[in-house]
Amino acid sequence: MESTTDTLAEDADTDSTAISLQGWSLSGKQGSVFDDIDLDVPTGAIAIVRGPAGSGKTSLLLSLAGRMQVSEGQGRLGELDIRKQARAVRGQVAVGHVAGLTDLEDNFTVAQHVAERQIMLQPWYKPWVSKSSLRDIISLIRQTFASATEFIDALPEGTFSTEDAREADFLIDDDGEVFVSELSELQKFFLEFGLASLSRPPVVVIDNIDYLREAADRARAWAGLLIYQQLRQSWEPDNPLTVIVSCEDAGEFDIASRSLGSEAEPAAVIELELTARRPSRHGSRH
């Protein structure tokens, strides 16, 4: 089956582009992974890369993040050439979830994960995080979700409920001493997203949101992304967040988007659809 791409833009009223691709293609030993992708993602948008397993979604996200080299095409992240300035791109695009790359350690606490990530963001001569700094960071994360709850409380009755936000909370103590093994899948999702957001990157990529098994959790995850985008816009209007998420089915995004309405609306919603590719039979004797 030939892979095809289709790009849809809704209400693209921004005047800046976060990511722009032309003829973006990747080939491997088994043949083409994805090819001839044209894509423009406005700053502050949510881009949904949808397709079945084997359609190249993960590879596409990693290539956008400067972590995988493509075979052909032109790509820009703002002013950066993605192919020629991959190291700089990696500093601008955080990875919120890619299985095997961002996996959390079950025997680590939330605080240990936050400390580890914060140390990576600090100068080499400061390989530690004080307890007070760590407490401040965890407090900021909790305040973010508290703000999300307040935001939902302000919505008209009958829209997304406070209970939805409460269940999506980290549910961590002030010092983050809870172990990852004690967190729900949704809490792990938000922990990975929170770690990716610590550096205030302009772009975050999240692969396969469908790994959240419950549809309600996927809707809460989409709602959390929309709410965080809105909060980031209010805190840092000059540094909006662009989010790129891959999935097989974007139905829960529609639920979250309808529930939150215009109160948590991204700058644009971009949809890119990929189809599964048939493995190459080069070299086969059969």
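Please refer to the structure placed before this passage.
Residues numbered from 1 in each chain as written. Predicted model: local features only at pLDDT ≥ 70, side-chain atom pairs only at ≥ 80, totals over all residues. Heavy atoms only, no water.

### As for the packing of aromatic side chains
In step 1: Applying the stated criterion to the full structure yields three aromatic pairs.
In step 2: On the numbers, 5.3 Å between centres and 85° between planes, the contact of Phe-193 with Tyr-228 is edge-to-face. Pair noted here: Phe-193 is in helix 6 (residues 185-197) and Tyr-228 is in helix 7 (residues 215-235), with a separation of 35 residues, a long-range link. Taken as a pair, Phe-193 and Tyr-228 share a single burial class, namely buried.
In step 3: Ring geometry for Trp-222 and Phe-253: centres 5.1 Å apart, planes at 70°, overall edge-to-face. Here the residue Trp-222 occupies a position in helix 7, and Phe-253 occupies one in helix 8 (residues 251-260), the gap between them amounting to 31 residues.
In step 4: With relative accessibility at 0%, the residue Trp-222 sits in the buried group. (Phe/Tyr/Trp six-rings, centres within 6.5 Å; stacked < 30°, edge-to-face > 60°. Helix = DSSP H or I, 4+ residues; strand = E, 2+ residues; numbered from the N terminus. Buried < 20%, exposed > 50% of the residue type's maximum accessible area, 1.4 Å probe, protein only.)

### A look at helix 8
In step 1: Taken residue by residue, helix 8 has Glu-252, Phe-253, Ala-256, Ser-259 and Leu-260 as its buried positions. With its buried residues spanning 135° around the axis, helix 8 presents them on a single face.
In step 2: Positive phi shows up at Gly-261, right after helix 8, with a value of about 65°. (Arc of directions from axis to C-beta.)

### Regarding a negative patch on the surface
In step 1: Among the surface-exposed residues, Asp-36, Asp-38, Asp-40 and Glu-72 lie close enough to one another that they form a single negatively charged patch.
In step 2: By residue number, the principal contributor to the negative patch is strand 3 (residues 31-42), which donates three residues.
In step 3: Relative to the helices and strands, Asp-40 resides in strand 3. (Patch = residues over 30% accessible without salt bridge, like charges linked within 9 Å, V, L, I, M, F, W, Y side chains within 5 Å. Areas by Shrake-Rupley, 256 points an atom, 1.4 Å probe, with all protein chains shown as cover. Salt bridge = Lys/Arg side-chain N within 4 Å of Asp/Glu carboxyl O. Lys, Arg positive; Asp, Glu negative; His and termini not counted. Charge placed at Lys NZ, Arg CZ, Asp CG, Glu CD.)

### What to know about the sheet that holds strand 5 (residues 72-77)
In step 1: Spatially, the four strands line up as an open sheet ordered 3-2-5-6, and their pairing is antiparallel. Across the chains shown, the open sheet's two edge strands, defined by having one partner strand only, are strand 3 and strand 6 (80-81).
In step 2: Taken together, the five bridges between strand 2 (residues 17-28) and strand 5 define a ladder with antiparallel strand orientation. The residue bridging Ser-25 from the neighbouring strand is Glu-72, located in strand 5.
In step 3: Relative to strand 2, helix 1 (residues 57-64) is tilted by about 125°, and along the sheet it contacts strand 2 and strand 3. (Pairing = 2+ DSSP bridges. Contact = heavy atoms within 4.5 Å. Axes fitted to C-alpha atoms, helices over the stretch in contact; angles between N-to-C directions.)

### Concerning the pattern of salt bridges
In step 1: All chains considered together, the criterion is met by six salt bridges.
In step 2: The partner of Glu-271 in a salt bridge is Arg-50, and the shortest N-O contact between them spans 1.7 Å. Of this pair, Glu-271 sits in strand 10 (residues 269-273) while Arg-50 sits in strand 4 (residues 46-50); the two residues are 221 residues apart in sequence, bridging distant segments of the chain.
In step 3: With a relative accessible area of 21%, Arg-50 lands in the partly exposed category.
In step 4: Ionic pairing is found between Glu-185 and Lys-188, a salt bridge with its closest N-O pair at 3.6 Å. Here the residue Glu-185 and the residue Lys-188 both occupy positions in helix 6, the gap between them amounting to three residues, near one helical turn.
In step 5: You can call Lys-188 buried: its relative accessible area is 17%.

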